[in-house]
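Structural description and commentary
Residue-level listing of the chains:
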Amino acid sequence: MVEALRYWPGFRPVTAAAVDISVLVPFLDARLGALPWWNPAWRVVEVRAASPCFTSTTENRVVEVSVPGKVGGEGGSLPFSARVRFEGDRLLRFQAKIGDMVIGPAATVGDTPEPDPFGAVVARLIDLRGLPASDVARRAGISMSTVRCLRGGWTPDPVIVRRLAEALDMTADDLLAIARLEP
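Computed from a predicted model, the values in this text were never measured in an experiment. (Residues numbered from 1 in each chain as written. Predicted model: local features only at pLDDT ≥ 70, side-chain atom pairs only at ≥ 80, totals over all residues. Heavy atoms only, no water.)

Moving on, we get to the packing of helix 4 (residues 133-140) against helix 6 (residues 158-167). Packed helices, taken two at a time, are described by the angle their axes make and the gap between the axes. At a minimum axis distance of 8 Å, the contact between helix 4 and helix 6 shows a crossing angle of 115 degrees. With respect to the hand of their crossing, helix 4 and helix 6 are arranged in right-handed fashion. Contact residues: helix 4 offers V136, R139 and A140, while helix 6 offers R163, L164 and A167. In the contact of helix 4 with helix 6, the residues fall into 4 nonpolar, no polar and 2 charged. (Axes fitted to C-alpha atoms, helices over the stretch in contact; angles between N-to-C directions. Helix = DSSP H or I, 4+ residues; strand = E, 2+ residues; numbered from the N terminus. Left-handed = near helix turned anticlockwise from the far one by under 90°. Contact = heavy atoms within 4.5 Å. Nonpolar A, V, L, I, M, F, W, Y, C, P; charged D, E, K, R; others polar.)

Written out as structure tokens, the structure reads:
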């Protein structure tokens, strides 16, 4: 499996014989099939060689790849793309995009709304800059409870985004782009 995920003929010279990437079909089917709402009539019907998205420079060698293909079932097929992050032979993250819908692991139980991804980005930026949350709150002119709510997944309004961006010495558009949100 790991050999198939590391087989990148379009990105580096392949010195060994071609790897059988068809082993990715049951692997991806199993990941999708583990989702409680997934329709088991739909299956991964095609995969192509993975493309590297991210490789760490540490000894642990965390790798993230994108695997393109198709899923199909009753009524046709749709383009499919899986993002798989792994370390050695251990799966760290799985996310799929089918058509224009992104499918990823849930952060909460089924009857609870998912937290806004903005909070995780802001928390990480604050941590990377080594700033105490109280300093960020003061610089942004917002309360500590607002910072805590953001870190917990609260969806911010545009004024808060602009103030936080200024407190983190960046533009609001840059902050939104990092969080993969529309301005």
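The interhelical angle for the contact between helix 4 and helix 5 (residues 144-151), taken along N-to-C directions, is 115 degrees, at an axis separation of 9 Å. The pairing of helix 4 with helix 5 is recorded here as roughly perpendicular in orientation. Here the hand of the crossing between helix 4 and helix 5 comes out right-handed. Of helix 5, the residues touching helix 4 (which contributes A133, S134 and A137) are M144, V147 and R151. A class-by-class count of the residues in the contact of helix 4 with helix 5 yields 4 nonpolar, 1 polar and 1 charged. (Parallel < 35°, antiparallel > 145°, perpendicular 65-115°, else oblique.)

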